[in-house]
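Each chain, written out:
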Amino acid sequence: MMKPLMTGSRSSRILCTMPMTSSISVASRPTSVVKVLHPLLRGRSEFNLQNSSPDKQKVTSQNSRKTSPVGEIDIVGSEIEEHTQSLVDLLIKDDTRGNNLVFAIVGAGGIGKTTLAKRIYNDQRIQEEFSKKRWVCVSQEFDEVKLLKDILDGDKNDCAGDQSKSSLEPKVETSLWGKKLFLVLDDVWTAKVWCDLLCNTLKSCAAGSRILVTTRNEQITKQMRAVNTHQVHKLSLKDSWLLLCKKVVLIGEEGEIQHLKDIGMEMVKKCDGLPLAIKAVAGVLCTKERTRRAWSGVLESTAWSTSGLPEEVKGALYLSYEDLPSYLKQCFIYCSLFPENHQIWMDTITKLWIAEGFVKAEGSSTMEEIAEDYYKELIMRNLLQPHAPYICQMHDLLQSLARYLARDESSVVCKVDEVGSSNGPMKLRRVFVSNVHEVGTSGPTTAITDVLVKKDTLRTLMWNMMPMSETQMDVIFHKLSRLRVLDMSHSRIRSLPDSLGNLIHLRYLNISFTQISMIPETIGNVRNLQFLEIQGCQHLSRLPNSIVKLHNLRSLRVNFTKVVEMPAGLGRLQNLHTLWELNLPSNRAKGWCTIEELRSLSCLTDLSIGRLECISSSSEARAAELRNKSKLSSLELHCTPVLHPSKEKMKRIEEVFEEIHPPPSVEQLQIVDYFGREFPKWMPETSSSTSILFPNLRQLVLNGYRYCERFPPWGLLPNLQYLFIRHADSVMDVGPEFLVGTSSTSSDGGRAAVDTSKYAFPRLETLMFRHMSNWQEWHWEKGTEAMPCLKDLYLDNCPKLMSLPEGLLLHATSLTKLEISFADSLTTIENLLSLKELHVKYNPNLEKISNLPALTTLAVNNCPKLKVVENLRYLKRMKLIDYAMKSLPSYLLKGVHTPHLEELEIWCSMELIRNICESDSREWQIIQGIQQVHVYSQDELVHALYNQSPFSFTTNLNTTTTSSSSKMPSSSSGTAL
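Conventions and cut-offs
- Residues numbered from 1 in each chain as written.
- Predicted model: local features only at pLDDT ≥ 70, side-chain atom pairs only at ≥ 80, totals over all residues.
- Heavy atoms only, no water.
- Helix = DSSP H or I, 4+ residues; strand = E, 2+ residues; numbered from the N terminus.
- Buried < 20%, exposed > 50% of the residue type's maximum accessible area, 1.4 Å probe, protein only.
- Contact = heavy atoms within 4.5 Å.
- Areas by Shrake-Rupley, 256 points an atom, 1.4 Å probe, with all protein chains shown as cover.
- Axes fitted to C-alpha atoms, helices over the stretch in contact; angles between N-to-C directions.
- Parallel < 35°, antiparallel > 145°, perpendicular 65-115°, else oblique.
- Left-handed = near helix turned anticlockwise from the far one by under 90°.
- Nonpolar A, V, L, I, M, F, W, Y, C, P; charged D, E, K, R; others polar.
- Salt bridge = Lys/Arg side-chain N within 4 Å of Asp/Glu carboxyl O.
- Polar contact = N/O pair within 3.5 Å; in protein donor to acceptor, adjacent residues only side chain to side chain.
- Pairing = 2+ DSSP bridges.
- Phe/Tyr/Trp six-rings, centres within 6.5 Å; stacked < 30°, edge-to-face > 60°.
- Lys NZ or Arg CZ within 6 Å of the ring centre and 35° of its normal.
- Core = buried A, V, L, I, M, F, W, Y, C linked by side-chain atoms within 4.5 Å.
- pLDDT = per-residue confidence, 0-100.

Draft legend 1. Layout of the overall build of the protein. Helix and strand content of the protein: 30 helices and 36 strands. Expressed as a percentage of its 977 residues, the buried residues of the protein come to 59%. Taking all contacts inside the protein whose residues are at least 6 apart in sequence as the whole, residues at least 24 apart take part in 63%. Surface exposure of the protein reaches about 38,400 Å², of which carbon and sulfur atoms provide 47%.

Next up, the structure:
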């Protein structure tokens, strides 16, 4: 498992590593970047955190219950594909019965309703048909305010403070006005979510908007006036066995368990055709030997027939729990603490398990590594569902089981009366309080805290998105002194009382993204604290000196705050594994923590160091002994941006970096705003030692190398998979030394001889160059073999780059995706034989795209000189964007074989839309042979939609403009439809 690429201390610097395509979701971004972003995602809109780069990226709220239904889905049988396509046909079909028609998927819990809905949501036709798409989990106790915020989905950055239905409804209405919406309401338990909340609010959406509902209760669909209801049936025995095989063995290895089929069939019979139950059993079998004895032991387990359980969790689900080792049972039950459909981040849940004492150190492995193994095993056993890299969710039936097993020890509080509502003697140990909106005589928070302070057995308190006064906190900190976990992140708190020091048993404290401006010195009394999360506290400018007394601290994260210097003595915290970020002092005389204190922190695995220009000498940097930190896997080094640094400053930063030598263990390295002219020698100019120095380096980010003229031979790094280079402003020529190094140095200052005996970038998969303002030539000779695994290449804002190198065309045989934008000097893209997806954007001199025989998807955005598009024999999908375009480009007639095109999407001028709607126009003659064509105006208010077979042509041009055509295309003649 790869650890974070960067330590999250600079979201803008991390976000700049993302591809240019704005539609890429968080879930599809490079894995390590997603893992690192997660602490920042929740707080961006709330605290108006902005990227420093102009190309801002959209992020998703961690606290949101909106899911992004992407990724691999476990399916078997052909019926689901048939059902998907038939439902998509219905959803995109013209229907005069109303603007917001409701469609429904109905079936028992765990039968696969959400799986089918995900297939529909991800279908290419749905993605193209609807300008706005939202997926919202509703569940039994849905929260109106939260649901409305999820539908807004960050369209309004100012909605974070809204806590009322009345303030959010008009914002949702405005946000979606005139937009064609596809909204999935997953796991609906009451028609009120539609009839009382959304029906009127969504009336502003454009005609053709659709609502897709999943529910267990068909009566609800009738109350919501669904125009179509699809019943999901149980799997057949054959498909049940296929699903079991798919989850127990790898594809192609099914034969290894065929001798156990008779036993397996008996087990799937017990699962009654429910996919969730089958996957739960498969999770048990994954841990067993593939012998008849082991499988028979599972079949004959008494857990199948355990009595006294709720009906919905009997049998396979309880069996999957009962088979867990004891250490995993408590981790599984702990997940009952979160609300339904809550996104659970691996980094968070593993820390909570450690803080609760569920994780014990074993051998040389750290507790974090062991907890991560627990997380992976619960996913492998299908008890947690992977949702995105490093994010999971729990199916509502499994959560019901976990809550049943937790009994009265855990409680999720969304209403005032939900605290202490148990009938029996209640030993409440864990509480999650979030978004309580009911206002009583003394306010909801007072009512809740009045009950909580009486629960002296409480060990975990998660107080989320709620206000709490300092007086209320003072009472809690005095009364609940046994707390081990306190999470007040994203809450509306401004200060912490001195009584914080009473929490002597506290292991985990999270006050991230709050408005606190000071942490009391009494925190030094919390000697058992292991995890201190203070990210995004933009009013916080200093840490208390007593923080250096927290000798058990394992993680300290202070990124996105105004904290500039750390207290001296940080080097005493010798159990630190994560330190984000150590900002170095500008004045050593004032008693702040200096880089030398890192010497004693030998357990560090993740480290971020800022303001490296404040180091006064190379000896000071050498004293940190970074190269000796054998456990360090993620390292970020950054300077404060310096405009026009003096020669003296440039020389000093070069000497400092020479001594900040990463250890061989480093897997992710990010260097930001380095202003030396020469790279440090540990990034050597010759090929003698690079691969030896950094054998484990997988991800490298270089952001802001404005004064270096050449790159070191990073191509020799044997395991590098991801390379991102940005703002290397002085680089004019990327030569073969970038790939394989040089065997000697040229005496005349010219290019040195190239060592062609090495295979360059043997494992590189993603390469990004961005904002390379002076880069003109990319030399990669055909004799230099390199990048055999490269899949994705991104070139953005390289205005002087004239052409792609010959070596790329010959040797990057795995390249499937290429994005090029703002390449002002590029004229031709051709001869990339493996390329499947090409995006070109704002390339004003691009004239020719040719000989891309594997290409299936082409997107052209504002490339006005593009005249030749040819030899794209497998092109199926094409997108054209140019709002000044008044006629379709000629290459659609000459170069693109339109009968092979399945989909064409055009964003253009109103004049072109009118021409397309004329049956005797040139434009109609061009597009009529394409299976599906969608045309939109810039404001999305006008559209024309054409389908070849079965024929349909619809447009709202007549209703949105004063002039209209009387010669619209029809199936036979020029009469209007």
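Draft legend 2. Structural view of the packing of helix 12 (residues 261–270) against helix 14 (residues 292–299). As a packed pair, helix 12 and helix 14 sit with axes 10 Å apart at the nearest point and diverge in direction by 15 degrees. Here helix 12 is positioned roughly parallel relative to helix 14, judged by the angle of their axes. As for how helix 12 packs across helix 14, the hand of that crossing is left-handed. Each of Asp262, Ile263, Gly264, Glu266, Met267 and Lys270 in helix 12 lies in contact with helix 14, whose residues at this interface are Arg292, Trp295, Ser296, Val298 and Leu299. Residue composition of the contact of helix 12 with helix 14, by class: five nonpolar, two polar and four charged.

Draft legend 3. Representation of the pattern of salt bridges in the model. Enumeration over the complete set of coordinates arrives at 33 salt bridges. The salt bridge partner of aspartate 347 is arginine 557, with a shortest N-O separation of 2.8 Å. Here the residue aspartate 347 occupies a position in helix 17 (residues 346–355), and arginine 557 occupies one in strand 15 (residues 555–557), the gap between them amounting to 210 residues. The same class applies to aspartate 347 and to arginine 557, which are both buried. A single network of salt bridges, built from pairs that share partners, joins Lys288, Asp323, Glu377 and Arg381.

Draft legend 4. Focus on the side chain of serine 937. Assignment of secondary structure puts serine 937 in the loop between strand 34 (932–936) and strand 35 (943–947). Here serine 937 falls in the buried class, since its relative accessible area comes to 3%. A polar contact is formed between the side chain of serine 937 and the backbone nitrogen of leucine 941, at a distance of 3.4 Å.

Draft legend 5. Focus on the sheet that holds strand 6 (residues 344–345). The three strands are arranged 6-8-7 in an open sheet whose pairing can be described as antiparallel. Two strands lie at the open edges of the sheet, namely strand 6 and strand 7 (385–388), each paired on one side alone. Note that strand 7 and strand 8 (residues 391–393) share three bridges and pair antiparallel. Directly across from proline 386, in strand 8, lies its bridge partner cysteine 392.

Draft legend 6. Looking closely at helix 17. The element helix 17 is extensively covered by neighbouring structure, given that ten of its ten residues are classed as buried. The set of residues buried in helix 17 consists of Met346, Asp347, Thr348, Ile349, Thr350, Lys351, Leu352, Trp353, Ile354 and Ala355. Once helix 17 finishes, glycine 357 follows within two positions and takes phi at roughly 85 degrees, a positive value.

Draft legend 7. Just the sheet that holds strand 31 (residues 868–870), in detail. Read from one edge of the open sheet, three strands run 27-29-31, paired in parallel fashion. Each edge of the open sheet carries a strand with a single partner, namely strand 27 (828–830) and strand 31. Taking the axes of each pair of neighbouring strands and ignoring which way they run, one obtains an average angle of 5 degrees across the sheet.

Draft legend 8. How the structure looks around the environment of aspartate 729. Positionally, aspartate 729 belongs in the loop between strand 21 (722–726) and strand 22 (733–734). Among residues more than four places away in sequence, those in contact with aspartate 729 are Tyr705, Arg706, His771, Ser773 and Asn774.

Draft legend 9. Geometry of the packing of aromatic side chains. What the rule picks out here adds up to 29 aromatic pairs. For the ring pair phenylalanine 822 and tyrosine 842, a centre distance of 5.2 Å and an interplane angle of 5 degrees mean the geometry is stacked. Of this pair, phenylalanine 822 sits in the loop between strand 26 (817–821) and strand 27 while tyrosine 842 sits in the loop between strand 28 (837–841) and strand 29 (848–850), placing them 20 residues apart in sequence. Three or more aromatic residues joined by ring pairs make a cluster, and in this case those are Phe657, Tyr674, Phe679, Tyr705, Phe711, Trp714, Phe738, Phe761, Phe769, Trp775, Trp778 and Trp780. In this structure, lysine 180 is placed above the aromatic ring of phenylalanine 130, and the distance from its NZ or CZ to the ring centre is 5.5 Å. One residue, lysine 270, lies across the ring of tryptophan 304, its end atom 5.2 Å from the ring centre.

Draft legend 10. Region of interest: the packing of helix 11 (residues 237–248) against helix 12. Contact geometry for helix 11 and helix 12: axes closest at 9 Å, N-to-C directions at 110 degrees. Taken as axis vectors, helix 11 and helix 12 run roughly perpendicular relative to one another. For the pair helix 11 and helix 12, the crossing hand works out as right-handed. When helix 11 is examined against helix 12, the residues Leu237, Ser240, Trp241 and Leu244 are found in contact with a partner set consisting of Lys261, Gly264, Met265, Val268 and Lys269. Looking at the contact of helix 11 with helix 12, its residues break down into five nonpolar, two polar and two charged.

Draft legend 11. Main features of the nonpolar core. Ranked by internal contacts, the top residues of the largest apolar core, which has 165 residues, are Leu556, Leu598, Phe711, Trp714, Phe738 and Phe769. Tallying contributions element by element places helix 23 (residues 647–659) first for this core, with four residues. Leave out the neighbours within four places in its chain, and phenylalanine 711 touches Phe679, Ile725, Ala728, Val731, Val734, Glu737, Phe738, Phe769 and Met772. Core analysis: the second largest hydrophobic core is formed by 96 residues, Trp241, Leu274, Phe332 and Ala406 among them.

Draft legend 12. Looking closely at the environment of leucine 912. As for its placement among the helices and strands, leucine 912 is situated in helix 28 (residues 910–916). Judged by its relative accessible area of 0%, leucine 912 falls in the buried class. Between the C-alpha atoms of leucine 912 and serine 887, which are 25 residues apart in sequence, the distance is 5.6 Å. The contacts of leucine 912, once residues within four sequence positions are left out, are Met885, Lys886, Ser887, Leu888, Ile906 and Glu923.

Draft legend 13. Looking closely at the confidence of the model for the protein. Looking at the protein, the pLDDT average stands at 83 and 83% of residues meet or exceed 70. This model gives residues 1–73 a pLDDT under 50, and the stretch forms 233 contacts once residues within four places in sequence are excluded. Here residues 154–159 is a poorly scored stretch, pLDDT under 50, and it has nine contacts once near neighbours within four places are set aside; other chains count.

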